[in-house]
Amino acid sequence: MDKLTTFIIVGFLAQLIDGTMGMAYGVSATTFLLFLGVPPAVASASVHAAKMATTLISGVAHYRFGNVRIHLVKRLVISGVLGAGLGAWVLGNTESDIIKPVVAAYLLLMGVFILLKARGHVPGQDDIRTHIIPLGFGGGFLDAVGGGGWGPIVTSTLLARGNHPRFTIGSVNLAEFFVSVAASTTFILTIGLSYWTAIAGLAIGGVVAAPLAAYLCKHVPTRALMYFVGALIMALSLRTLLTFLL
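Description of the structure in this document. Per chain, residue numbering runs from 1 following the sequence as it is written. Thresholds applied to this predicted model are a pLDDT of at least 70 for local features of residues and 80 or more for the giving and counting of side-chain atom pairs; totals over whole chains, interfaces and linings are not thresholded and use all residues. Hydrogens and waters are ignored; side-chain quantities use all the structure's heavy atoms.

### Some remarks on the overall build of the chain
Formally: A run of H or I in DSSP becomes a helix once it reaches four residues, and a run of E becomes a strand once it reaches two; helices and strands are each numbered from the N terminus. Radius of gyration here uses only the C-alpha atoms, and the compact-globule reference equals 2.2 Å multiplied by the residue count raised to the power 0.38. Type-normalised accessible area, obtained with a 1.4 Å probe on protein chains alone, sets the label of each residue: buried when under 20%, exposed when over 50%, and partly exposed for intermediate values. Only heavy atoms matter for contacts: two residues are in contact if any of them lie within 4.5 Å across the pair. In this tally, Asp and Glu contribute negative charge and Lys and Arg positive charge; neither His nor the terminal groups of the chain are included. One atom stands in for each charge, and that atom is NZ of Lys, CZ of Arg, CG of Asp or CD of Glu.
The number of helices and strands found in the chain is 10 helices and 0 strands. Of the regular secondary structure in the chain, the N- to C-terminal order runs α-α-α-α-α-α-α-α-α-α. Here the C-alpha atoms of the chain give a radius of gyration of 16 Å, agreeing with the 18 Å that 2.2 N^0.38 yields for 246 residues. Dimensions of the chain, computed from C-alpha atoms along their principal axes, come out at roughly 45 × 35 × 35 Å. Across the 246 residues that make up the chain, the buried fraction comes to 52%. Across the chain, every contact between residues at least 6 apart in sequence was considered, and the portion connecting residues at least 24 apart equals 88%. Taking the average place of the 15 positive charges on the side chains of the chain and the average place of its 8 negative ones, the gap between the two points comes to 11 Å.

Pasting the structure below:
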């Protein structure tokens, strides 16, 4: 199997998870690139370039399926774009390993909390009362620095606060397009783009999977969706922590 086909498969699977559960495209794709020995800054730049295509298609699909709350998208975009731009600039000039265990520990706690909420109360209404702007800024910054994390941080936090999974996932996916554009633009201006095979493959696979993922998001039962999201966050976070400790 050639590299382009491999990246297409990775992009498809990553977007299928991301569009259905609101997270993990960047984390999955970046992890794969790092496994191949790609430097963190190049890996993050490549993934964000591919995400400009996948998040656009995903966001439009979620909007058409009625999974989006525009008022939430607007508040996330403003702060997320600023955070992503700063994060991309920082990554282009420094190493990001020191921040990974901190983020992983936070996400692990979020995953546990979501599972506990799934066992007890299943939210059915929007609840975006406070702290959306700092959440968007932090999510955008860590997403650019770590090559992924917008979905795990923003989606998991909103779900933990009691937001409806379907509208949270759809809104966060649409906002991610603007965050990806901000990060990619900064990377282009600082380190440039070089790994075009990965960018093309991840984008093609993600674009194909995006409409299917948005459809699944609308039809997967709320409680089951929360269980899957919580378990996914915990698995990814534990892997990151174990890799750092061992």
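Picking up after the structure, the text goes on.
### Considering the pattern of salt bridges
Quick reminder of the rule: The salt bridge definition used is simple: a Lys or Arg side-chain nitrogen within 4 Å of an Asp or Glu carboxyl oxygen.
All chains considered together, the criterion is met by 2 salt bridges. Lys51 is the salt-bridge partner of Asp143, the closest N and O atoms lying 3.3 Å from each other. Note that Asp143 is positioned in helix 6 (residues 132-146) and Lys51 in helix 3 (residues 40-64), a separation of 92 residues in sequence. In this structure Asp143 comes out as buried when scored by relative accessible area, which is 1%. Since its relative accessible area comes to 1%, Lys51 is described here as buried. In this structure, Lys51 and Glu176 form a salt bridge, with 2.9 Å as the shortest nitrogen-oxygen distance. In this pair, Lys51 is assigned in helix 3 and Glu176 in helix 8 (residues 165-190), connecting sequence segments 125 residues apart. Just as Lys51 is buried, Glu176 falls in that class too. Each member of the salt-bridge network shares a partner with another, and the members are Lys51, Asp143 and Glu176.

### Overview of the nonpolar core
To keep it simple, the criterion reads: To form a nonpolar core, buried Ala, Val, Leu, Ile, Met, Phe, Trp, Tyr and Cys residues must be joined to one another through side-chain atoms within 4.5 Å.
With 43 residues, the main nonpolar core has Leu76, Ile114, Trp150, Val154, Leu158 and Val229 as its most contacted residues. For this core, the secondary-structure elements that each account for two or more residues are helix 3, helix 4 (70-91), helix 5 (100-120), helix 6, helix 7 (150-161), helix 8 and helix 10 (222-245). Counting residues per element, this core draws most heavily on helix 8, at 8 residues. Residues within four places of Val154 in sequence aside, it is in contact with Leu76, Leu135, Gly139, Gly149 and Val172. One finds Phe7, Val10, Ala29 and Ala43 within the second-largest nonpolar core, a separate group that totals 14 residues.

### Here we look at a nonpolar patch on the surface
As a reminder, the rule being used: Residues enter a patch when their relative accessible area is above 30% and they make no salt bridge; the linking distance is 9 Å between like charges and 5 Å between nonpolar side chains (Val, Leu, Ile, Met, Phe, Trp, Tyr). All accessibility values rest on the Shrake-Rupley procedure with a 1.4 Å probe; residue burial counts only the protein chains present in the view.
A contiguous nonpolar surface patch, about 530 Å² in accessible area, is contributed by Ile78, Leu82, Leu86, Trp89 and Phe137. No other element matches helix 4, which puts 4 residues into the nonpolar patch. Positionally, Ile78 belongs in helix 4. A relative accessible area of 61% means that Ile78 is categorised as exposed.

### A closer look at the environment of Lys51
Separated by 129 residues in sequence, Lys51 and Ser180 place their C-alpha atoms 6.2 Å apart. Every residue in contact with Lys51, bar those within four places of it in the chain, is listed here: Tyr25, Gly26, Leu56, Asp143, Glu176 and Ser180.

### Brief notes about the packing of helix 4 against helix 6
Here is the rule: To define axes, lines are fitted to C-alpha atoms, for helices over the stretch in contact only, and angles between the resulting N-to-C directions are given on a 0 to 180 degree scale. Crossing handedness: left-handed means the near helix sits turned counterclockwise from the far one by under a right angle, and right-handed means the same turn made clockwise. Gly falls in the polar group here, along with every residue not listed as nonpolar (Ala, Val, Leu, Ile, Met, Phe, Trp, Tyr, Cys, Pro) or charged (Asp, Glu, Lys, Arg).
Packing of helix 4 against helix 6 leaves a shortest axis separation of 6 Å and a crossing angle of 35 degrees. You can see that helix 4 and helix 6 cross each other, and the crossing is right-handed. The residue inventory of the contact of helix 4 with helix 6, partitioned by class, reads 14 nonpolar, 6 polar and 1 charged.

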